[in-house]
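What follows is the residue order along each chain.
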Amino acid sequence: MAYTAIQSTEAFHQLAVRPEMLGLASRLLGEEAFAHPAHICRIRAAVAGCEPDADPQDYRFIQGCVGPR
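Residues numbered from 1 in each chain as written. Predicted model: local features only at pLDDT ≥ 70, side-chain atom pairs only at ≥ 80, totals over all residues. Heavy atoms only, no water.

S.K.: It is not clear to me how the overall build of the protein chain should be interpreted in this structure. Could you clarify?
M.R.: Helix and strand counts for the protein chain stand at four helices and zero strands. Along the protein chain, from the amino end to the carboxyl end, the secondary structure elements read α-α-α-α. Every one of the 69 residues in the protein chain was classed for burial, and the buried ones make up 10%. Accessible surface for the protein chain amounts to roughly 5,900 Å². Of this, 60% is attributable to carbon and sulfur atoms. (Helix = DSSP H or I, 4+ residues; strand = E, 2+ residues; numbered from the N terminus. Buried < 20%, exposed > 50% of the residue type's maximum accessible area, 1.4 Å probe, protein only. Areas by Shrake-Rupley, 256 points an atom, 1.4 Å probe, with all protein chains shown as cover.)

This is the structure we're talking about:
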């Protein structure tokens, strides 16, 4: 599964804590930013006519909000 492969990659997790990324987020937000420890990868297949689902799909992986119905 692609999602598992990405989550298993150290470089994916290091990206969130790079000083450049945290600095950019801090400048955009106007206050100090931090990287949340639950890193979520958003991926989409490059298939013509493939549209993303309207509802959030995070619940399966992180048990977050199931989104508006």
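S.K.: Any chance you could explain the environment of His39 here in plain terms?
M.R.: Secondary-structure assignment places His39 in the loop between helix H3 (19–29) and helix H4 (59–62). Put simply, His39 and Gln14 are 25 residues apart on the chain and 9.9 Å apart in space, counted from C-alpha to C-alpha. Within the structure, the side chain of His39 is placed 2.9 Å from the side chain of His13, a separation counted as a polar contact. (Polar contact = N/O pair within 3.5 Å; in protein donor to acceptor, adjacent residues only side chain to side chain.)

S.K.: Just to check I follow, could you spell out a nonpolar patch on the surface for this structure?
M.R.: A cluster of nonpolar residues, Leu24, Leu28 and Leu29, forms a patch on the protein surface that exposes about 330 Å² of accessible area. Looking at the element boundaries, Leu29 is found in helix H3. Given the relative accessible area of 58%, Leu29 is considered exposed. (Patch = residues over 30% accessible without salt bridge, like charges linked within 9 Å, V, L, I, M, F, W, Y side chains within 5 Å. Salt bridge = Lys/Arg side-chain N within 4 Å of Asp/Glu carboxyl O.)

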